[in-house]
Structure formats: C-alpha cells, structure tokens
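Topology and contacts: notes
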Amino acid sequence: MVFVIPMNSRILAVLLFSVSITAAAAEAPYPPSPIIAEMQLDWSRHQRHAQGSDNFQLTWADDDHQYGWWGDGGGFGGTNTDGRVSLGFLRVEGGWDDHRGYNVWGGKNPENPAQFNGKSWGTICVKGVLYSWIVPDVPDTGGPRDHYRYIELAKSTDYGATWIKADWRWTGEDNLIIPTFLNFGKNNAGARDEFVYSYFIRPQYPGVRERGDDGHGLNVHKPGALFLARVHQGRIFESRNVYEWFTGTDGDAPTWGTLAEKQPVFENPDGTGWCLSASFNPGLDRYLLATEHTRSHAGILGLFDAPEPWGPWTTVEYWTPDDRFGAQRPGSDLDWRDNLFFFSFAPKWWSEEGREFTLVFTGGGSGRDNDSFNAIRGMFLIRRK
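For the structure given in this document, a descriptive report is provided here. (Residues numbered from 1 in each chain as written. Predicted model: local features only at pLDDT ≥ 70, side-chain atom pairs only at ≥ 80, totals over all residues. Heavy atoms only, no water.)

From N to C terminus, the chain includes 1 helix and 25 strands. Once the C-alpha set of the chain is aligned to its principal axes, its extents read approximately 55 × 55 × 40 Å. For the chain, the proportion of contacts with a sequence separation of at least 24, taken over those separated by at least 6, is 62%. Accessible surface, the chain as shown: approximately 14,500 Å² in total, 48% of it carbon and sulfur. Each charge class in the chain was averaged separately, 36 positive and 48 negative side chains, and the resulting centres sit 1 Å apart. (Helix = DSSP H or I, 4+ residues; strand = E, 2+ residues; numbered from the N terminus. Contact = heavy atoms within 4.5 Å. Areas by Shrake-Rupley, 256 points an atom, 1.4 Å probe, with all protein chains shown as cover. Lys, Arg positive; Asp, Glu negative; His and termini not counted. Charge placed at Lys NZ, Arg CZ, Asp CG, Glu CD.)

What follows is about the pattern of salt bridges. Tallying each qualifying case throughout the model produces 25 salt bridges. Salt-bridge contacts for Glu173 lead to Arg209; the nearest nitrogen and oxygen are separated by 3.6 Å. Residue Glu173 is found in the loop between strand S12 (164-171) and strand S13 (177-183), and its partner Arg209 is found in the loop between strand S14 (195-201) and strand S15 (224-232); the two are separated by 36 residues along the sequence. Since its relative accessible area comes to 45%, Glu173 is described here as partly exposed. For Arg209, a relative accessible area of 24% gives the class partly exposed. (Salt bridge = Lys/Arg side-chain N within 4 Å of Asp/Glu carboxyl O. Buried < 20%, exposed > 50% of the residue type's maximum accessible area, 1.4 Å probe, protein only.)

Bringing the sheet that holds strand S5 (residues 54-60) into the picture now. Strand order in the open sheet formed by 4 strands is S5-S6-S7-S8, and the pairing between neighbours is antiparallel. Each edge of the sheet is formed by a strand with only one pairing partner; in this case those strands are S5 and strand S8 (100-105). Averaged over neighbouring strand pairs, the angle between their axes works out to 30 degrees when direction is ignored. Pairing between strand S7 (residues 85-93) and S8: 5 bridges, direction antiparallel. Paired with Val92 across the bridge in S8 is Gly101. (Pairing = 2+ DSSP bridges. Axes fitted to C-alpha atoms, helices over the stretch in contact; angles between N-to-C directions.)

Here we take up the environment of Pro206. Here Pro206 lies in the loop between S14 and S15. Considering only alpha carbons, one finds Pro206 and Leu176, 30 residues apart in sequence, at a separation of 7.6 Å. Leave out the neighbours within four places in its chain, and Pro206 touches Gly172 and Asn175.

A cis amide bond links Lys222 with the next residue in sequence, Pro223, at an omega value of -15 degrees. Along the chain, Pro223 falls in the loop between S14 and S15. In this model, Gly311 is joined to Pro312 through a cis peptide bond whose omega is -5 degrees. Counting through the fold element by element, Pro312 comes out in the loop between strand S21 (301-306) and strand S22 (314-318). Non-glycine residue Asn55 carries a positive phi angle of around 90 degrees. Here Asn55 is to be found in strand S5.

So, on to the packing of aromatic side chains. Following the criterion strictly, the structure yields 51 aromatic pairs and no others. Pairing Tyr197 with Trp310 gives two aromatic rings, centres 6.5 Å apart and planes at 50 degrees, and the pair type is tilted. Linking Tyr197 in strand S14 with Trp310 in the loop between S21 and S22, this pair joins segments that are 113 residues apart in sequence. Taken as a pair, Tyr197 and Trp310 share a single burial class, namely buried. Look at Phe266 and Phe304: their rings are 4.9 Å apart centre to centre, the planes differ by 65 degrees, and that puts the pair in the edge-to-face class. Of the two residues, Phe266 is situated in strand S18 (residues 266-268) and Phe304 in strand S21; the sequence distance between them amounts to 38 residues. Accessibility expressed as a relative area gives 0% for Phe266, which makes it buried. Relative accessible area serves as the criterion here: at 1%, Phe304 is assigned to the buried category. Sitting above the plane of the Phe227 ring, Lys262 keeps its charged end 5.0 Å from the centroid. (Phe/Tyr/Trp six-rings, centres within 6.5 Å; stacked < 30°, edge-to-face > 60°. Lys NZ or Arg CZ within 6 Å of the ring centre and 35° of its normal.)

Once that is clear, we can look at the side chain of Asp146. By the element assignment, Asp146 lies in the loop between strand S10 (129-135) and strand S11 (150-156). No salt bridge is formed by the buried Asp146, whose closest oppositely charged neighbour, Arg209, lies at an N-O distance of 4.1 Å. Only 2.9 Å separates the side chain of Asp146 from the backbone nitrogen of Tyr148, close enough to count as a polar contact. Residues within four places of Asp146 in sequence aside, it is in contact with Pro136, Asp137, Pro139, Arg209 and Glu210. (Polar contact = N/O pair within 3.5 Å; in protein donor to acceptor, adjacent residues only side chain to side chain.)

Ordered in space as S9-S10-S11-S12, the 4 strands form an open sheet in which the pairing is antiparallel. Because the sheet does not close on itself, it has two edges, and the strands there are strand S9 (119-126) and S12. Here the average twist between neighbouring strands, direction ignored, is 20 degrees. As judged from the 5 bridges shared by S11 and S12, these two strands associate in the antiparallel manner. By the bridge assignment, Glu152 is partnered in S12 with Arg169.

Pasting the structure below:
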C-alpha cells in the first residue's frame, strides 16, 4: 500500500491525472525500495530548452545557482549548430517553474570562451569551488574520438568562467570509465562526512575504446558494475593516490583500500550505461543512483536507492524495452522519440520533505526532441510504515 502526505489541491490534482511509470520489479536486479513505492511525473510540466545540446547534470553552488556541463551544441539560446561546442558550461538561475539558463563558458553568446573539448556528467561544488570530472572527445594521446580513453579532474574558483586541470588522470586500463559525483545539496553542505564520493563505471573490459577496431561505442556495459571512491574534501585536486576505494563491508561498515583492491559497489547483470547520476535526497534520507541497462539511447533505465552511498541497493523504478521511460506522457505535446540515455535530479529543487522533485533528462535526438535540456516536475509516493 502507498499513501501521500496531505498536500494542497494542485499537487493532489497532479497525482490524480499523472500516470504511474512503475515497471515490473521482478525484472530488476535489486528488491523494491522499502521507502519509495513509486515515482510519478507530471508531463503537463515538461519544459524543454537548449535544443541541440545534451547531458546537463547539475550541482548547487554556494551562490544559490545551479551549474553543469552540456555537450555538442550551442547551449541556452543556441542550436545544434549555432554556437556549437564540444563542451560548454552553464548556470541555471531561479526556481523549478521559472528557471533561466545562461552560457557561462562556450556556446551561443557565452560569458566566457571555451578552453578545451571533452564531455562531463559529474560536477560538484565544495566550499565555493566547482570540481568536474572531464573525459575527452578526441584524446590528446591520439586516435579517434574516445570518451573512454582517460578521466581528468578540473576545478574552477570563479563559478565556471575559467578552469584548470589536475596533473594526473585515470585511464581505461585502470578499469574505470566516465564517473559522476555524489551531490549533497547546496555547496555540498549536507554531506554525511568530510569525504567527497564518486561513482565510476566498470567498462565491459579494461582498456575498452569507444571507437576503432576494438571499439565498444556509447553502449551499455555488461555485466554491469560500478566502483565507489572517496577523498577528503580538502584533498580533491591533490593526487589520484589520495583516493580510497570501496572494497566491501565488515558487518555494516564499509572498508576502503587501494585502486587495485576496489570491488563493485553496485552490480546489474543487465548492464550499466556509459554515464550515470547520483544524488542525496535529504528529505527522505536516501541515496539515489540512475543509469541505463540492456540497451543505450532507448529510454531503458533504472533508478535505485539506498540508506548509504554503498548500499544496500533497492529498486525505485526499472524501465524495460516493453515499458520505457516516457512511454505515456499525458499533458505534453512535445516531440518525442525513445532516445533517452541520462537523467538526474536537480539538487536545488527538492521539496523540503523530499517527495517532490525536478528531473532533468536528455537523449540522443541529433539536434531534435530529447537532444535538449528537459525538466519535468514529479513526486515520489511513499510506502506506509
């Protein structure tokens, strides 16, 4: 059984007319969430901006604005070709119902020019400093376009106007590709401890290339697994050697070790995508993780939750080839194709009790439909205790 805490009539109307998008829990790799019974989206509040640009994972900075990267487009006010950059950085101001986007770095009429190419699905603000995981577009090591070749860390002390990169990196041979940060609200002030956490995707095989003779492409990696690393918030930029890796649990406590000792913190036989998102919901005191499975660019994703960053994981939603994200969208007449590959929660726009949220999602529409900044308001239904 589920119930909804009493709310105003507008929210209740949303629940009455929204459609449940719960997929068959039996197909998921983890049991149903003991907290979240289902997730509902109000498609009448589906907004679309920055047509032709994609990705858009956001962090909430100390200046009360949200920031994040986009890829392959002109950003807000641009198109797939007008102002197009490989990598651009944006600022989102305002509330979930009246937000506006600004191109901070690269894109159409930017406040600052772009400095380098690449892609990113992971940014965090810690004590007023922005940190981002950057993967290459065309690697400086040579060869064709390859998001899997290496992982770099960049930081900005001026809200994305300029960036510097650390003098170290991880590579595909480390059995790691495309990471994301675990965000803890405004300026990361809600963090559980003094560490910053990042999830890394395990590639289908070490050293995998995106393109070339041994290329895997931007596809689901099977069997799926994620690694978890942590670093003290004062040493994020220092060295790859100061990062500790999840190696398992001793009772209820996590154990940490070296890169060579790392063990998966999440697994799915159906695979994990080539990008993912992670965030903390302070109202529900739950950690949320989202990534693709089975096939990429097809609206086939899973949303999982846990009481700690390392689990134990349970399933909130598990979309399948027969029941894809956005299969039904009452109230929205925006163009749609089943090309979704990424979504994340906007960290500023949680309701106080954690039940209402804004989901930001993107797809591979080649300049059309979901190849854009998509925002939609939604709600979690909570299980009766």
